[in-house]
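Residues per chain, in single letters:
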Amino acid sequence: HIKEHDTSFAAAIANDDDDTTWNETLFQSTLKSLITKNVLTNVNGSNYKFSDDYLSRRAEGLRARAESMEERQRALLVAARDLHPREEPPKELP
């Protein structure tokens, strides 16, 4: 993503544009990129929201990460238990 904007940065610095023009250009190019990648959708001409597709992909990614973290935690607990097994108290004779 950064490489896409390298030329914009270099052009803005070379032209010595004022900050407002440079910021507006950067904002518009970023907005256009997010719309093209189906991250944002236009709601009513001037408002945008995250697309349903993006939200479902993001939720699935977070769900997969949470599951991975749970598996890792379980593996660490098993490893800790195996490393330091509890001693069983002696059984009383009848």
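Computed from a predicted structure; not experimentally measured. (Residues numbered from 1 in each chain as written. Predicted model: local features only at pLDDT ≥ 70, side-chain atom pairs only at ≥ 80, totals over all residues. Heavy atoms only, no water.)

The subject of this paragraph is the overall build of the protein. When you go through the protein residue by residue, the secondary structure sums to three helices and two strands. Starting at the N terminus and walking to the C terminus, you meet the elements of the protein as α-α-β-β-α. Out of the 94 residues belonging to the protein, those deemed buried represent 7%. (Helix = DSSP H or I, 4+ residues; strand = E, 2+ residues; numbered from the N terminus. Buried < 20%, exposed > 50% of the residue type's maximum accessible area, 1.4 Å probe, protein only.)

Bringing the pattern of salt bridges into the picture now. Taken as a whole, this structure holds three salt bridges when the rule is applied. Where Arg-57 meets Asp-53, a salt bridge forms, and the shortest distance between an N and an O atom there is 3.0 Å. With Arg-57 and Asp-53 both in helix H3 (residues 52–83) and four residues apart, the pair spans about one turn of that helix. Across the salt bridge formed by Glu-70 and Arg-74, the nearest N and O atoms sit 3.6 Å from each other. (Salt bridge = Lys/Arg side-chain N within 4 Å of Asp/Glu carboxyl O.)

Quick look at the packing of aromatic side chains now. Each aromatic ring pair is characterised by the separation of its centres together with the angle its planes make. Applying the stated criterion to the full structure yields one aromatic pair. For the ring pair Phe-50 and Tyr-54, a centre distance of 5.2 Å and an interplane angle of 25 degrees mean the geometry is stacked. (Phe/Tyr/Trp six-rings, centres within 6.5 Å; stacked < 30°, edge-to-face > 60°.)

Phi at Asn-38 takes a positive value of approximately 65 degrees, unusual for a residue other than glycine. Relative to the helices and strands, Asn-38 resides in the loop between helix H2 (19–36) and strand E1 (40–42). Given the relative accessible area of 33%, Asn-38 is considered partly exposed.

The subject of this paragraph is the confidence of the model for the protein. The predicted coordinates ought not to be read in detail in places where the model reports low pLDDT. Here the protein averages 81 in pLDDT, and 71% of its residues register 70 or above. Within the protein, no element has a lower average pLDDT than helix H1 (residues 2–15), which sits at 61, and none a higher one than strand E2 (residues 48–50), at 94. (pLDDT = per-residue confidence, 0-100.)

For H2, with 18 residues, the first-to-last C-alpha span of 25 Å sits near the 26 Å given by 1.5 Å per residue. Just downstream of H2, Asn-38 is the residue with a positive phi angle, here 65 degrees. (Expected span 1.5 Å × (residues − 1).)

Turning next to the side chain of Ser-51. Looking at where Ser-51 falls in the secondary structure, it is placed in the loop between E2 and H3. Look past the residues within four positions of Ser-51 in its chain and what remains in contact with it is Asn-38, Val-39, Leu-40 and Thr-41. (Contact = heavy atoms within 4.5 Å.)

Let's shift gears to the environment of Leu-34. Following the sequence through the fold, Leu-34 ends up in helix H2. Classification of Leu-34 as partly exposed rests on a relative accessible area of 30%. Taking the C-alpha atoms as reference points, Leu-34 and Phe-50, separated by 16 residues in sequence, lie 9.4 Å from one another.

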